[in-house]
Amino acid sequence: MMMQFNGFNQQGLTFLQDVRIQNSKEWFEEHRHIYDDEILTPFRALVTDLTQCMMLIDPEFETRPSIGKTLSRIHRDTRFSHDKSRYRSHMWLTFKRHSKDWKDAPVYFFEIAPDFYRYGLGYYSASRQTMDVLRLLMRTEPKDFLAVAKCSKPPFELVGESYKRPLIKEQDASIANWYNRKSFAVMHTSQEMEMVFNDGLVSQLEKGFKQLAPLYHYLMRAEMIKRNPEE
């Protein structure tokens, strides 16, 4: 039987802090039991506790509480990176549909680090094609988009790099803030770590993820248009 999520603890956060400093295979293997018990185990329980809520948003979400499915790997792929650190000092979970390119798919996420946590919805790195479809929808149905965008109110904020020059001159500022992004996510970031130490985190994430559901379905509509442009 899967354990119920009862929170992370300081030992787990200290492990993430220490792995940032130590970052050797020998140190990691010596402390692997902390990673297994205080990071992986609560993350798996958190995914399990969130699954019912997330399936109501999209029954096609991947919900298996496994590394590579909903859970990130702590081992880094350093083959093409200047940073040769073996291990990450943060961990995250995602809820998304299966996609050949996960970087270009809308995804719900929760991430924890030694000194902050964040959660929200968006893209890791949306392709130009994806953003072009979204911009077309914004231009042709501005009222519908603005109605959806209201769900991104606090505690969430819109983040993502913008083009230096507006793509359309004299555009409504409320649309332009989204329209001119190269990619984007809507997220809440907090350094009040007490919240992650108890099961109240589940309710907080459920409330936030439900709040963002209209935006998720809007992004999925763009995804369907991108895949079937003639329909």
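Each remark here, short or long, concerns the structure printed above.
So, a few notes on the structure that sits alongside this text. Sequence order as written defines the numbering, with residues in each chain counted from 1. With pLDDT at 70 or above as the cut-off, local features in this predicted model cover only qualifying residues; side-chain atom pairs require 80 or more to be listed or tallied, and sums for whole chains, interfaces and linings still use all residues. Side-chain metrics rest on all non-hydrogen atoms present in the structure, leaving aside hydrogens and water.

Some details on the side chain of Asp104
- Here Asp104 lies in the loop between strand 1 (91-95) and strand 2 (107-112).
- Polar contacts here mean pairs of N or O atoms no more than 3.5 Å apart (in protein, one a potential hydrogen donor and the other a potential acceptor; neighbouring residues in sequence count only if both atoms are side-chain atoms). Of the polar contacts made by the side chain of Asp104, one reaches the backbone nitrogen of Ser127; its length is 2.7 Å.
- Within the structure, the side chain of Asp104 is placed 2.8 Å from the side chain of Thr130, a separation counted as a polar contact.
- By definition in these notes, contact holds between two residues if any of their heavy atoms fall within 4.5 Å. If near-sequence neighbours (up to four positions away) are discounted, Asp104 is found in contact with Tyr123, Ser125, Ala126, Ser127, Thr130, Glu223 and Lys226. The numbering of helices and of strands both runs from the N terminus, where a helix is a DSSP run of H or I of at least 4 residues and a strand a run of E of at least 2.

Considering the layout of surface pockets
- Both site types are read off a 1 Å grid over the protein atoms alone. A 1.4 Å probe that fits but cannot get out defines a cavity, while an open set with protein on both sides within 12 Å along at least five of seven lines defines a pocket; lining residues have an atom within 4 Å of a point. Grid points are joined across faces, edges and corners, and a volume is the space filled by probe spheres set on the points. Roughly 1100 Å³ of internal volume is contained in the largest pocket.
- If you go around the largest pocket, you meet 31 residues; those closest to its centre are Trp92, Thr94, Lys96, Trp102 and Tyr124.
- If you list the elements that add at least two residues to the lining of the largest pocket, you get strand 1, strand 2, strand 3 (117-122) and strand 5 (185-190).
- Top contributing element to the lining of the largest pocket by residue count: strand 2, with 3 residues.

Section: the sheet that holds strand 2
- One requirement defines pairing of two strands: DSSP has to find at least two bridges between them. Strand order in the open sheet formed by 5 strands is 1-2-3-5-4, with antiparallel pairing between adjacent strands. The open sheet has two free edges, formed respectively by strand 1 and strand 4 (157-159), since each of these has just one partner strand. Each strand of the sheet is rotated relative to its neighbour by a mean of 25 degrees, with strand direction disregarded.
- Contacts between helix 7 (residues 200-211) and the sheet are confined to strand 2, strand 3 and strand 5, with strand 3 contributing the most and set at about 25 degrees to the helix.
- In the packing of helix 8 (residues 213-227) onto the sheet, contacts are made with strand 2, strand 3 and strand 5, and the angle to strand 3 comes to roughly 45 degrees. Each axis is a line fitted through C-alpha atoms, taken for helices only over the stretch in contact, and angles between the N-to-C directions span 0 to 180 degrees.

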